[in-house]
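Letter by letter, the chains look like this.
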Amino acid sequence: MLSRPDVAVVGAGPVGLGIAWRCAARGLRVVVHDPAPGSGASHVAAGMLAPVAEAYFGEHELTGLLTASAARWPAFAAELTAATGADIGYRSEGTLMVGLTADDLAEARRLWAYQQGLGLPVTPLRPSALRDREPALAPRVRGGAFAATDHQVDPRRLVPALRVAAERAGAALVPTAVRRLSDVDARVTVVAAGCGAAALTGLPVRPVKGQVLRLRAPGGVAPGFRHVIRGYADGEHVYLVPRHDGEVVVGATVEERADTDVSAGAVLRLLRAAVDLLPELAEYDLIEAIAGLRPGTPDNAPILGPLPDRPGVLAATGHHRHGIVLTPVTADLIADLVVTGAADPLLAPFTPDRFAPAATVATAAPAVDGRTGPGASAPEEEHTWN
Ligand code: GLY
């Protein structure tokens, strides 16, 4: 690419590639910087699209964004498949949420009641109805509920497909690491670097470790269950995500740590919870144990929009537990912001300035299209966040 790009995206995970695809498809010159595309949190992620099951107490604004993005997923998946021919493993059987013991069920029911109070589609199921849906569940599972709109996609298929879509739309991938934003030459820079955003921008993004297992059904057949299962099992929270190719993802720990070591204790707890809920999993092959780092933020919500005091720089990071589900809404709304300079109201609760000292809050969204926006940016300055 000879001329100065309109947009430089730092980070080729699903969020960065999604933004690159959407921007390139709108005629912008786009470059994406990443020495190892798809090697971050998305490589470990299970790919649950779970705005209902992951609607947690006190996070109703985040739940609104998750719901909006999940609603975009069917069209996004279809468009991506049409653009690339790739099967990204999108599945819409829904999610069963289950409790193993009476205590587990009591804990789960509190959350389901909260979710129903938000108007989310949670349908309680009697044990017999639960087993009609998923006969492989252990007989001692006490009860559950169905979240029909919580779907799944395979992140290890999604990321290569997004890369193909972005490149076919005209985006160029550059396999170099960006160490300082001042090294990037573009009208607009979008920082979609996951945990790496902290060093680049000073934003309060911290690693939150997750350990995940992958099992495989013996004999090359599909797993003996078809829903995503989210279980409470003797106090452990576990999810089980079946793929058509026989893989089952079992996750995940949530640890305030920055290493990617896999511990025997975590593997033991995940497997015990998984097998307690679905006994046949004991016969599956254990094919992978891996840890990744989610980009967490102080309020567990993503950071989306212009950086105060850094004209021409947009953040699209901090997606924490929700990077895959939030990919479509992030890609669409950040591309809109780049093209028009207008921020969709959905972004309002998630702008970077919520973490900034009042004096540094930007007074206007960057009108990225034209000379009033980041194209007319001032030189970068170091900026420290509290
Ligand atoms: N959203 C699943 C996880 O973060 O483990």
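For the structure itself, consult the block above.
Bear in mind the structure is a predicted one, so any value in this text is a computation, not a measurement.

**What to know about the packing of aromatic side chains**
Consideration 1: Under the definition given, this model contains 4 aromatic pairs.
Consideration 2: A ring pair is formed by Trp-73 and Phe-76, whose centres lie 5.2 Å apart and whose planes are at 75 degrees; its orientation type is edge-to-face. Taken together, the residues Trp-73 and Phe-76, both in helix H3 (residues 60-84) and 3 residues apart, mark about one turn of the helix. When sorted by exposure, Trp-73 lands in the same class as Phe-76, which is buried.
Consideration 3: A ring pair is formed by Trp-73 and Tyr-90, whose centres lie 6.2 Å apart and whose planes are at 15 degrees; its orientation type is stacked. One end of the pair, Trp-73, is in helix H3; the other, Tyr-90, is in the loop between H3 and strand E4 (95-99), with 17 residues separating them in the sequence.
Consideration 4: For Tyr-90, a relative accessible area of 24% gives the class partly exposed.
Consideration 5: Above the plane of the ring of Trp-21 lies Arg-22, whose end atom (NZ or CZ) is 4.4 Å from the centre.
Consideration 6: Over the ring of Phe-146 we find Arg-133, and its NZ or CZ is 3.8 Å from the ring centre.

**Some thoughts on the nonpolar core**
Consideration 1: Core analysis: the biggest nonpolar cluster contains 52 residues, and Val-9, Ile-19, Val-30, Trp-73, Val-190 and Val-338 have the highest contact counts within it.
Consideration 2: Among the elements of the structure, strand E1 (7-10), helix H1 (14-25), strand E2 (30-33), H3, helix H6 (155-168), strand E9 (188-191), strand E16 (313-317) and helix H9 (327-340) are those that each provide at least two residues to this core.
Consideration 3: Among the nonpolar cores identified, the runner-up in size contains 28 residues, and Leu-96, Leu-100, Val-238 and Val-248 belong to it.

**Things to note about the sheet that holds strand E8 (residues 172-174)**
Consideration 1: Sheet architecture is open: 6 strands sit in the order E8-E2-E1-E9-E16-E15, paired in mixed fashion. The two strands at the open ends of the sheet, each matched to only one other strand, are E8 and strand E15 (303-306). Across the sheet, the mean angle from the axis of one strand to that of its neighbour is 20 degrees, orientation sign disregarded.
Consideration 2: Bridge count between E1 and E2: 4 bridges; the pairing is parallel. Note on E2: the bridge partner recorded for Val-9 is Val-32.
Consideration 3: Strands in contact with H1 are E1, E2, E8, E9 and E16; relative to E2, the strand with the most contacts, it is inclined by about 170 degrees.

**What to know about the sheet that holds strand E5 (residues 123-125)**
Consideration 1: The 8 strands are arranged E5-E6-E4-E11-E12-E13-E10-E14 in an open sheet whose pairing can be described as mixed. The sheet is open, and its two edges are formed by E5 and strand E14 (285-296), each paired on a single side. Pairwise comparison of adjacent strand axes, ignoring direction, gives a mean angle of 20 degrees for this sheet.
Consideration 2: The sheet contact formed by E4 and strand E6 (residues 143-147) spans 5 bridges and is antiparallel. Bridging from a neighbouring strand, Thr-95 pairs with Ala-147 of E6.

**Here's the deal with the site of the ligand**
Consideration 1: In the vicinity of the ligand, the contacting residues are Met-48, Glu-54, Tyr-239, Ala-252, Arg-294 and Arg-321.
Consideration 2: Here Arg-294 contributes a side-chain N or O atom positioned 2.7 Å from an oxygen atom of the ligand.
Consideration 3: Residue Arg-321 places a main-chain N or O atom 2.8 Å away from a nitrogen atom belonging to the ligand.
Consideration 4: Burial of the ligand by the surrounding chains reaches 88%, relative to a free accessible area of 190 Å².
Consideration 5: Looking at the shell around the ligand, its residues break down into 3 nonpolar, no polar and 3 charged.

Thresholds applied
- Residues numbered from 1 in each chain as written.
- Predicted model: local features only at pLDDT ≥ 70, side-chain atom pairs only at ≥ 80, totals over all residues.
- Heavy atoms only, no water.
- Phe/Tyr/Trp six-rings, centres within 6.5 Å; stacked < 30°, edge-to-face > 60°.
- Helix = DSSP H or I, 4+ residues; strand = E, 2+ residues; numbered from the N terminus.
- Buried < 20%, exposed > 50% of the residue type's maximum accessible area, 1.4 Å probe, protein only.
- Lys NZ or Arg CZ within 6 Å of the ring centre and 35° of its normal.
- Core = buried A, V, L, I, M, F, W, Y, C linked by side-chain atoms within 4.5 Å.
- Pairing = 2+ DSSP bridges.
- Axes fitted to C-alpha atoms, helices over the stretch in contact; angles between N-to-C directions.
- Contact = heavy atoms within 4.5 Å.
- Near = heavy atom within 4 Å.
- Polar contact = N/O pair within 3.5 Å; in protein donor to acceptor, adjacent residues only side chain to side chain.
- Areas by Shrake-Rupley, 256 points an atom, 1.4 Å probe, with all protein chains shown as cover.
- Nonpolar A, V, L, I, M, F, W, Y, C, P; charged D, E, K, R; others polar.

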